[in-house]
Amino acid sequence: MTTTRPDARGRFGEYGGVYAPETLVPALAELERVFEEAWADPGFRDGFSRLLTTFVGRPTPLHGAERLSEALGVRVLLKREDLAHTGAHKINNALGQGLLAQRMGKPRLIAETGAGQHGVATATAAAHLGLTCTVFMGAKDMERQALNVYRMRLLGADVVSVEGGAATLKDAVAAAFRDWAATVEDSHYVIGSVVGPHPFPWIVREFQKVIGEEALAQLGGDLPDMVVACVGGGSNAIGIFHPFAATTVELVGVEAAGHGIASGAHGASIGAGSPGILHGARTYMLQDADGQVLEAHSISAGLDYPGVGPEHAHLADMGRARYESVTDEEALDAVALLSRTEGIIPALETAHAIAWVARERAALAGRTVLVNLSGRGDKDVAQIAALGRP
Ligand SMILES: Cc1ncc(COP(=O)(O)O)c(C=O)c1O
């Protein structure tokens, strides 16, 4: 069973939809119409593909991780999104939405960012396409991702520190929506994952599915047993899952267990959350008995989010994908493991996917696992070093 498009109400099963302030409803309707036209326009598709080739460096390689495979007794293949321009998969979506903004005649991009990768990607797309850019970022994330803050400013973006709430991604998303509601005439909000009100989860998936399409072609018919990806909002995971959903390949998303699920300090929205409304959509989220959003926790800023994309909620309910979680400690160990066996320093987010394969190696023995290596770890090195690791 698989999903293609959300239904007429913008839902994947019972998830998704449009729970947005009235000021934004016309902009969301315009975005749906413009995207639908653009995606059916060969000129737009060619322009996007050309940028992915000449600017991003796609296709990214599919790498047989021989020394890691030997160490784990599991055949691991890595889809190298860390080699995409700016160091993560986020650039695919940022460029696609930048092109949509141009098509709508909107000269200003707004973005929110947690790990800073989506902010860097949007600032990069804005610079490349001649648009201006404002990025909202939680004050706590600005501290742990200082390198990316500098990169965004170097690229000409205005980075706004968000002090409210936990000063992390959820608060940055709320600030970005507030800005958009006030500037919707000339601004486009480049949402950074498959979250938010319809049509965002659909648009972002369409721009990210190139990851799975390339992987499928690169495999040349030799399908893996399983595809594994980390899940924050879920864009790198849905991007690689989507073309495999029509096959029998197992799909595993790995959420952040933070200090451990039992501690309450985690980001496992599917694993330990329940359905509710967050940032304009119905989905699994972390909430208390009164429906108040709970703070998430993850060592990785990109997984430190109390919700998840509605399509993942649907895939989980259908049993087409399953969602597991690993702790901060396991992710830190996986950074060292991949660095030392393959010479690849992964992002802390990405390390969650590697950590799950490492933990489950006995159950996975002899099988072939395709892992989405969503990003590189340069941005995290200072944070990891400050912990006295490895
Ligand atoms: C390298 C990397 N991987 C994964 C994520 C999580 O986002 P998503 O679940 O949308 O792929 C982020 C978010 O910033 C990231 O930077």
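The structure reproduced in this document is the subject of the present report. Numbering of residues starts from 1 in every chain and runs along the sequence as written. Only residues with pLDDT of at least 70 get local features here, since the model is predicted, and only at 80 or more are side-chain atom pairs given and counted; chain-wide, interface and lining totals rely on the full set of residues. Processing note: side-chain calculations cover all non-hydrogen atoms of the structure and skip hydrogens and water entirely.

Turning our attention to the overall build of the protein. Counting its secondary structure elements, the protein contains 17 helices and 14 strands. Each radius of gyration is computed over the set of C-alpha atoms, and the globule rule expresses the reference value as 2.2 Å times the number of residues to the power 0.38. For 390 residues, the compact-globule estimate of 2.2 N^0.38 gives 21 Å, and the protein sits close to it at 19 Å. Looking at the protein as a whole, 62% of its 390 residues are labelled buried. Contacts between residues were defined by any pair of non-hydrogen atoms, one from each residue, lying within 4.5 Å. For the protein, contacts bridging at least 24 residues in sequence account for 74% of all contacts bridging at least 6. To measure how exposed things are, a 1.4 Å probe is used in the Shrake-Rupley method; for residues, cover is taken only from the protein chains shown. Carbon and sulfur atoms provide 53% of the accessible area of the protein, an area that totals close to 13,800 Å². Residues scored as positive are Lys and Arg, those scored as negative are Asp and Glu, and His as well as the terminal groups of each chain are ignored. Every charge is mapped onto a representative atom, which is NZ of Lys, CZ of Arg, CG of Asp or CD of Glu. Taking the average location of the 33 positive side-chain charges in the protein and that of its 45 negative ones, the two points are 3 Å from each other. Strands here are runs of E lasting at least two residues and helices are runs of H or I lasting at least four, both read from the DSSP assignment and numbered beginning at the N terminus. A simple rule labels every residue: compare its accessible area, found with a 1.4 Å probe on the protein chains alone, to the largest value its type can have, and call it buried under 20%, exposed over 50%, or partly exposed in between.

Salt bridge, as used here, is a side-chain nitrogen of Lys or Arg placed within 4 Å of a carboxyl oxygen of Asp or Glu. Using the criterion set out here, one finds 27 salt bridges in the structure. For arginine 103, the salt bridge identified is with aspartate 41, shortest N-O distance 3.1 Å. With arginine 103 in helix 4 (residues 90-103) and aspartate 41 in the loop between helix 1 (25-39) and helix 2 (42-56), this residue pair connects regions lying 62 residues apart in the sequence. With relative accessibility at 37%, the residue arginine 103 sits in the partly exposed group. Where arginine 58 meets glutamate 81, a salt bridge forms, and the shortest distance between an N and an O atom there is 2.7 Å. Highlighted residues: arginine 58 in the loop between helix 2 and strand 3 (62-64) and glutamate 81 in the loop between strand 4 (75-80) and helix 4, separated in sequence by 23 residues. Under the relative-accessibility criterion, arginine 58 is labelled buried at 5%.

Working definition: rings of Phe, Tyr and Trp (its six-membered ring) pair if their centres are within 6.5 Å, and the pair is stacked with planes under 30 degrees apart, edge-to-face with planes over 60 apart, and tilted otherwise. Across all of its chains, the model carries 12 aromatic pairs by this definition. For the ring pair tryptophan 39 and phenylalanine 207, a centre distance of 5.2 Å and an interplane angle of 85° mean the geometry is edge-to-face. Here tryptophan 39, found in helix 1, pairs with phenylalanine 207, found in helix 9 (residues 200-208); they are 168 residues apart in sequence, far enough to count as distant. Each member of the pair, tryptophan 39 as well as phenylalanine 207, is classed as buried.

Below, the discussion takes up the sheet that holds strand 5 (residues 108-113). If you walk across this open sheet you meet the four strands as 7-6-5-8, and the pairing is parallel. Each edge of the open sheet is held by one strand with a lone partner, namely strand 7 (158-162) and strand 8 (187-189). Taking each pair of neighbouring strands and ignoring which way they run, the sheet shows an average axis angle of 25°. Geometry is summarised by axes, namely lines fitted to C-alpha atoms with helices restricted to the contacting stretch, and by angles between N-to-C directions that run from 0 to 180 degrees. Across the sheet, helix 5 (residues 117-129) lies against strand 5 and strand 6 (132-138), angled at about 165° from strand 5, the strand it touches most. Only strands joined by at least two bridges in the DSSP assignment are considered to pair.

A negative phi angle is the norm for most residues apart from glycine, just as the trans form is the norm for most peptide bonds. Here histidine 198 and proline 199 are connected by a cis peptide whose omega angle stands at 10°. Here arginine 389 and proline 390 are connected by a cis peptide whose omega angle stands at -5°. As for its position among the elements, proline 390 is in the segment after helix 17 (381-386). A positive phi angle, close to 75°, is found at threonine 86, a residue other than glycine.

Attention now goes to the nonpolar core. Leu100, Trp180, Phe241 and Phe244 are the most contacted members of the largest nonpolar core, which has 86 residues in total. What phenylalanine 244 contacts, discounting residues up to four positions off in sequence, is Gly212, Ala215, Leu216, Leu219, Leu223, Pro224, Val227, Val249, Leu251, Arg320 and Leu370. Counting residues in each nonpolar core, the second largest holds 31 residues, with Ala65, Val74, Ile354 and Ile384 among its members. The criterion is simple. A nonpolar core is a set of buried Ala, Val, Leu, Ile, Met, Phe, Trp, Tyr and Cys residues joined through side-chain atoms within 4.5 Å.

Okay, the site of the ligand next. Any residue with a heavy atom positioned within 4 Å of a molecule or strand is treated as near that molecule or strand. Taken together, the neighbourhood of the ligand is formed by 19 residues, with Ser193, Gly232, Gly234, Ser235 and Ser374 sitting nearest. The definition of a polar contact used here is a pair of N or O atoms within 3.5 Å, where within protein one atom must be able to donate a hydrogen and the other to accept one, and adjacent residues in sequence count solely through side-chain atom pairs. Interatomic distance of 3.2 Å between a backbone N/O atom of glycine 233 and an oxygen atom of the ligand. Serine 235 places a polar side-chain atom, nitrogen or oxygen, 2.7 Å from an oxygen atom of the ligand. Computed on the free molecule, the ligand has an accessible area of 390 Å², of which 97% lies beneath the protein chains in the complex. When residues of the shell around the ligand are traced back to their parent elements, those giving at least two are helix 11 (235-241) and helix 15 (348-359). Classifying every residue of the shell around the ligand gives five nonpolar, 12 polar and two charged. Three classes are used: nonpolar for Ala, Val, Leu, Ile, Met, Phe, Trp, Tyr, Cys and Pro, charged for Asp, Glu, Lys and Arg, and polar for all others, with Gly counted as polar.

What follows is about the pairing of strand 10 (residues 250-258). Counting buried positions along strand 10 gives eight out of nine residues, so the element sits mostly inside the fold. Two strands pair when backbone bridges link them, and strand 9 (residues 226-230) and strand 10 are joined in this way by five bridges, in the parallel orientation. The residue of strand 10 that forms the bridge with valine 227 is leucine 251. The handedness of the strand 9 to strand 10 crossover, carried by helix 11, is right-handed. With seven bridges connecting them, strand 10 and strand 13 (residues 321-327) associate as parallel partners. Counterpart to alanine 256 in the pairing with strand 13 is valine 326. Handedness of a crossover is defined as follows: with both strands directed away from the viewer, a clockwise route from the first strand across the helix to the second makes it right-handed.

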